[in-house]
Amino acid sequence: MADMGDKAREEFFSEAHEIIEGLSRDLLQLDSSRGKGPVDPELVNNIFRAVHTLKGLAGLFGAARMSALSHELENVLDDLRLGKIELSQAALDLLFRGVTIYGRILAVEKGTRSDPLSDIDEFLRELADLSESQSDDAPISGAFYELDPGLLAVLTEYEEHRLRTNIEQGQSLFRLRVRFELATIDAALSTLKTKAKPHGEIITYLPTGEGAEADSIELDILMASKASLDVLRSLLGGEQAQIEEVPRRSPSAKDPVLVPSRLGSHGPSHDPLPYASAHPASAPPRPKAVAQRPGALPKTASTAAMAAEVSLRSVTQTVRVDIRKLDLLMNIVGELSIVRNAIGRLTESVRKSPELREIGMELYRLHRGFERQLADLQSGILEVRMVPLGQLFDKLARVVRQISREADKDVNLVITGAETEVDKLIVEELSDPLMHMIRNAIDHAIEARIERERVGKPAVGTIALNAFQKASHVVIEVEDDGKGIDESKLVSAAVKRGLLAQEEVTELVHREVLNLVFIPGLSTKSDVGELSGRGVGMDVVKTNIGKLGGIIDIYSERGIGTKFTVTLPITLAIISALIVQVEGRTFAVPLASVQEAIWLDPAALRRVEGQEMMTLRGATLPLCRINELFALSSVGKTKTRPYAVVVSVGARRLGLVVDELIGQQDIVIKPLGPSLKRVKGFAGATELGDQRVALVLDAPALIEEAFLGGGDAVVGASYG
Amino acid sequence: MRRILVVEDSAATRSFVRSALEDGGDLGPFDIVEATSGFDALRLLPRGPYDLVITDINMPDINGLELVQFIRKSDRHRSTALIIISTQSSEKDRARGLSLGADDYLAKPLDPEALLSTVQRLLTNRPAAG
């Protein structure tokens with residue numbers, strides 16, 4: 001990529017990314033509307049414009065492959081929107097592939113992926129073939145309209161095409177002259193568009209330049225519609241809008257304007273044609289200046305001035321922000337909460353001293369105020385980081401479409417909870433694992449059409465993608481109605497590969513068997529994927545979700561289907577934690593995973609198969625002694641009644657045995673240095689505000705360890 | 001200071017134009033105002049006059065051609081210099097823009113040096129708009 005500033009580069013990536021996402025959404029909409037009546041020309045034009053803009057961007061930033069791709073796609077889309085080629089399934093497939101390739105190119109340009117992109121040339125040839133097969137311009141049907149050449153001269157080629165198409169379809173043309181307040185033009189125009197859409201198509205908007213004022217503008221809107229003038233008048237007319245039907249001219253009339261095939265020869269220097277000046281009686285009366293118009297809302301000088309101020313604003317009210325800037329802000333909030341905690345401690349000690357009581361109370365009030373404001377600031381920043389999962393789901397919908405076509409299976413994707421919001425970073429990181437799970441579902445779980453019919457299932461398979469919030473977690477389910485997992489085959493494959501001893505087999509319960517799909521040695525073998533109907537690379541999926549502080553659960557029933565449940569924290573940036581002590585060392589347990597803390601009752605303890613357990617309200621709770629796990633040397637005083645901090649992820653619970661409960665605190669998790677990074681069981685480290693550093697326990701990893709044991713890394717082995 | 005209105009719906013392209021013209025050479029620095037759409041331009045025009053308007057052609061609703069015609073028809077902006085930017089593929093649109101009274105066109109992808117020299121050529125010997 002050409003040399004350019006980092007900021008410009010970032011801007012390029014974020015804009016390109018945004019456009020590609022929009023492009024993907026529009027294509028999906030186009031796909032689902034195909035075969036259900038005429039294609040929405042506006043949608044096709046939006047898609048064209050998206051690619052057009054990408055081409056411009058790619059050119060500016062020297063992204064050659066993106067330029068080449070955009071160029072070919074643009075040709076195809078231009079032909080599509082100008083009606084030169086049909087929107088066939090093949091054309092649509094190519095467009096979808098184009099979106100995927102855009103994504104790959106961007107990743108390569110960004111340097112986040114190495115991809116030779118060797119298949120692009122072939123793809124570009126396919127695109128070129130499609131746009132070359134086009135037919136020539138269809139002959140004009142010969143409808144004659146009395147249109148102002150000034151208006152015709154400013155139509156773009158596309159608008160000209162839309163005008164021609166509408167005339168060919170027997171629509172009548174209408175001219176709306178509407179005056180808009182500049183301050184409110186966006187809202188007013190979008191209302192007008194919404195009202196007009198069911199009745200026809202707006203071809204263009206032309207500012208008339210007449211009666212131009214600082215705060216309002218008159219537009220000539222050219223619209224094609226099958227509706228009658230009366231209908232349109234009652235629908236769109238009003239005090240600020242005059243609607244006239246553009247009269248058809250008899251072909252015998254002198255100097256007819258053949259719309260629009262001869263447009264190219266008409267410049268603005270030509271004599272005005274009848275509609276504009278020769279028929280003044282048919283032209284709508286020109287509205288007077290806004291302030292003088294009877295019936296217009298009375299407007300004071302100050303509101304006029306305000307309107308002029310407002311008009312300086314840009315159309316969009318959003319800003320794009322680099323996520324790293326938000327991270328920085330979050331870090332500052334984190335530092336501030338450390339200060340807050342220190343002030344809190346100071347306040348407490350001041351309050352305890354009798355002679356400083358007054359000051360202590362004042363300090364306490366101030367501290368509480370500060371605490372509230374800081375909490376607001378923190379939740380404000382967190383909110384900015386949140387994006388709806390729908391962004392990701394749109395992308396997945398495209399994947400489902402593509403893979404199901406490749407696999408020649410009919411799959412229906414059902415999405416619920418697309419509005420559920422999650423931290424932007426989490427959404428980014430979720431993309432690959434979810435895509436992987438969906439690919440597995442289509443490739444291995446959903447049966448072939450014939451097989452489905454044989455077992456009495458609907459021929460079209462269903463994959464459900466459900467998202468919802470559950471307390472401070474977000475749950476995403478990926479569910480299919482495929483063949484489910486064959487447990488016996490899974491078990492025998494595990495035994496064959498030496499991952500499981502034959503004698504252990506009988507001890508496995510249903511859930512443990514299913515969890516075998518997450519074991520690395522087993523699940524990366526694609527033949528097992530084929531056998532089990534699931535599980536290619538599921539270990540990687542699990543690791544990636546674990547990195548986000550999440551956990552993945554599986555439920556499967558043979559012949560019925562499989563459901564993966566991913567439970568994730570809503571944000572990674574800052575968390576509330578329970579601070580605990582074990583052998584004089586301080587640890588933080590993320591509060592999101594903490595259910596409760598209880599006194600450990602020695603009488604309730606027992607040992608089952610080497611695993612320490614206790615009975616809690618009738619249920620069995622496995623225990624994990626932190627001092628043993630991390631081999632902490634004893635500092636002398638033995639705690640007679642330690643606590644168990646009950647952590648849970650999904651349906652699983654574990655009691656972490658600790659000496660002291662210190663309190664609750666907001667913490668910013670910092671990554672561990674390289675020496676501790678490979679040790680499972682820690683989510684990171686944090687600073688507590690009194691120069692103490694605490695390790696943050698990784699509850700999901702500890703639970704994982706306790707339930708499944710073994711694994712490839714030894715939890716905590718090198719900590720002492 | 002010479003004022004330039006850049007009408008373009010792509011933020012990255014606007015930034016690009018801004019950085020290409022930032023220094024402005026002998027005539028600079030310029031006061032560059034950005035409009036994100038044809039409507040936005042209509043809103044910003046009354047705050048002019050501008051010495052130069054640089055506009056994209058392909059924009060939704062009010063396209064660049066309509067903007068060119070509007071500017072040329074208006075008493076206030078008649079003498080404003082006008083550059084249209086368009087991709088190679090839309091030759092027809094470009095020809096129309098020139099016949100409507102645009103002073104010059106530049107093809108996308110834009111070349112920063114060509115852009116600056118075109119701007120300088122159009123603005124030299126042109127009295128400042130005010």
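Since the structure is predicted, the reported quantities are computational estimates derived from the model, not experimental observations.

Another aspect to go through is the overall build of chain A. Scanning chain A from terminus to terminus reveals 24 helices and 22 strands. Among the 720 residues that make up chain A, the fraction classed as buried is 35%.

The next thing to look at is the overall build of chain B. Helices and strands together make up the secondary structure of chain B, namely five helices and five strands. Secondary structure elements of chain B occur, N-terminal to C-terminal, as β-α-β-α-β-α-β-α-β-α. Expressed as a percentage of the 130 residues in chain B, the buried residues total 52%. Taking all contacts inside chain B whose residues are at least 6 apart in sequence as the whole, residues at least 24 apart take part in 63%.

The parts lose accessible area when they come together, and the size of an interface is often stated as this lost area. Contacts between the two partners involve 38 residues from chain B, matched on the other side by 37 residues from chain A. Going through the elements one at a time, α1 (11-21), α2 (38-44), α3 (64-73) and α4 (91-99) of chain B are the ones with two or more residues in the side of chain B that touches chain A. Per element, the largest residue contribution to the side of chain B that touches chain A is six residues, and it comes from α1(B). Among the residues making up the side of chain B that touches chain A, the classes are represented as 14 nonpolar, 14 polar and ten charged.

Residue and element names in this part refer to chain A. Mapping Lys 470 onto the fold places it in strand β8 (residues 461-470). The class for Lys 470 is exposed, based on 9 C-beta atoms found within 10 Å. Expressed as a C-alpha distance, the spacing of Lys 470 and Leu 568, which sit 98 residues apart in the sequence, is 9.6 Å.

Here helix α14 (residues 424-445) of chain A contains 22 residues, and its C-alpha end-to-end distance of 30 Å stays within 8% of the 32 Å for a straight helix at 1.5 Å per residue. Remark: the principal bend of α14(A), roughly 35°, maps to A:Leu430, with a proline, A:Pro433, within the next four residues.

Residues and elements named next belong to chain B. Taken together, five strands build an open sheet; the order of strands is β2-β1-β3-β4-β5 and the sheet is parallel. Bordering the open sheet on either side are β2 (31-35) and β5 (104-108), each of which pairs with just one other strand. In this sheet, adjacent strand axes meet at a mean angle of 20° when their direction is disregarded. Here strand β3 (residues 52-56) pairs with strand β4 (residues 81-87) via five bridges, running parallel. When the bridges of β4 are listed, Ile 54 appears paired with Ile 83.

Below, the discussion takes up the packing of helix α1 (residues 6-33) of chain A against helix α13 (residues 390-406) of chain A. Residues and elements named next belong to chain A. Relative to each other, α1 and α13 sit at 55°, their axes nearing to 10 Å. Regarding the angle of α1 to α13, the classification is oblique. In the packing of α1 onto α13, the handedness of the crossing is left-handed. Along the contact surface, α1 presents Glu 21, Ser 24, Arg 25, Leu 28 and Asp 31, while α13 presents Gln 391, Asp 394, Lys 395, Ala 397, Arg 398 and Arg 401. Residues belonging to the contact of α1 with α13 are distributed by class as follows: two nonpolar, two polar and seven charged.

Turning to the pairing of strand β9 (residues 473-480) of chain A, a few remarks are in order. Residue and element names in this part refer to chain A. Relative to β9, β8 runs antiparallel, the two sharing eight bridges. Residue Asn 466 lies in a different strand from β9, and its bridge partner there is Glu 477. Strand direction decides the pairing type here: β9 and strand β11 (residues 561-569), joined by eight bridges, are antiparallel. Residue pairing across strands places His 473 opposite Pro 569, the latter belonging to β11.

As a further point, take the sheet that holds strand β19 (residues 652-658) of chain A. All names here are of chain A. On the basis of which strands lie adjacent, the open sheet formed by six strands has the order β14-β18-β19-β17-β16-β15 and mixed pairing. On the outer flanks of this sheet lie β14 (594-599) and β15 (605-608), each paired with one strand and no other. Strand-to-strand twist in this sheet, taken as the mean axis angle between neighbours without regard to direction, amounts to 35°. Note: β15 against strand β16 (residues 611-616), four bridges, orientation antiparallel. For Leu 605, the partnering residue across the bridge sits in β16 and is Met 614.

Residue and element names in this part refer to chain A. With 79% of its residues at a pLDDT of 70 or more, chain A has an overall mean of 76. Taken together, the stretch residues 135-143 has pLDDT below 50 and engages in ten contacts with residues farther than four places along the chain or on a different chain. The model gives residues 250-316 a pLDDT under 50, and that stretch makes 89 contacts with residues more than four places away or in other chains.

Residues and elements named next belong to chain A. As for its placement among the helices and strands, Leu 621 is situated in strand β17 (residues 619-625). Spatially, the C-alpha atoms of Leu 621 and Val 646 are 8.5 Å apart, while their sequence positions differ by 25 residues. Ignoring anything within four residues of it in the chain, the contact list for Leu 621 reads Met 613, Met 614, Leu 616, Val 646, Arg 653 and Gly 655.

The next thing to look at is the confidence of the model for chain B. Here chain B shows a mean pLDDT of 84. Residues at 70 or above account for 97%. No element of chain B has a lower mean pLDDT than α4(B), at 80, and none a higher one than β3(B), at 94.

This paragraph deals with the nonpolar core. If you look at the biggest cluster of nonpolar residues, it comprises 100 residues, and the most contacted ones within it are A:Met223, B:Ile4, B:Leu5, B:Leu52 and B:Ile54. The greatest single-element share of this core, amounting to eight residues, is contributed by helix α2 (residues 41-60) of chain A. Of the residues that make up this core, three or more belong to each of domain 1 (6-132) and domain 2 (149-294) of chain A. Once residues lying within four places of it in the same chain are set aside, the contact partners of B:Ile4 are B:Leu21, B:Phe30, B:Ile32, B:Tyr50, B:Asp51, B:Leu52 and B:Ile54.

Before going further, it helps to examine the packing of helix α11 (residues 323-352) of chain A against helix α12 (residues 357-385) of chain A. Residues and elements named next belong to chain A. Contact geometry for α11 and α12: axes closest at 9 Å, N-to-C directions at 160°. With respect to their mutual orientation, α11 and α12 come out roughly antiparallel. The two elements α11 and α12 cross, and the hand of that crossing is left-handed. Considered class by class, the residues forming the contact of α11 with α12 number 16 nonpolar, six polar and five charged.

Attention shifts here to the environment of A:Ala448. Inspection of the secondary structure assignment puts A:Ala448 in the loop between α14 and α15 (449-454). Spatially, the C-alpha atoms of A:Ala448 and A:Gly482 are 9.5 Å apart, while their sequence positions differ by 34 residues.

Reading guide: rules and limits
Every chain is numbered on its own, with residues counted from 1 as its sequence reads. Think of it this way: whatever chain is written first is A, whatever ligand is written first is 1, and the rest follow in order. Totals for whole chains, interfaces and linings use all residues, but because this is a predicted model, local features are given only for residues with pLDDT of at least 70 and pairs of side-chain atoms are given and counted only at 80 or more. In this description a helix means any DSSP run of H or I spanning at least four residues, a strand means any run of E spanning at least two, and both kinds are numbered starting from the N terminus. Here a residue counts as buried when 20 or more other C-beta atoms fall within 10 Å of its C-beta, as exposed when 12 or fewer do, and as partly exposed in between; the C-beta atoms come from the backbone. In this description, any two residues whose backbone-derived C-beta atoms lie within 7 Å of each other are considered to be in contact. Polar here means any residue outside two lists: the nonpolar Ala, Val, Leu, Ile, Met, Phe, Trp, Tyr, Cys and Pro, and the charged Asp, Glu, Lys and Arg; Gly therefore counts as polar. How far a helix is expected to stretch is found by multiplying one less than its residue total by 1.5 Å. What the bend at a residue measures is the angle between two axes, fitted to the seven residues ending there and to the seven starting there. Whether two strands pair comes down to DSSP finding at least two bridges between them. Axis definition: a line fitted to C-alpha atoms, limited for helices to the stretch in contact. Angles are taken between N-to-C directions and run from 0 to 180 degrees. Throughout, the term roughly parallel applies to angles under 35 degrees, roughly antiparallel to angles over 145, roughly perpendicular to angles from 65 to 115, and oblique to all others. Two helices cross in a left-handed way if the nearer one is turned anticlockwise from the farther one by less than a right angle. They cross in a right-handed way if the turn is clockwise. pLDDT expresses how confident the predictor is about each individual residue, on a scale running from 0 to 100. Note on terminology: a nonpolar core is a set of buried residues of type Ala, Val, Leu, Ile, Met, Phe, Trp, Tyr or Cys, with members joined through C-beta atoms within 7 Å. By convention here, the domain bounds are inherited from an automatic or database domain assignment.

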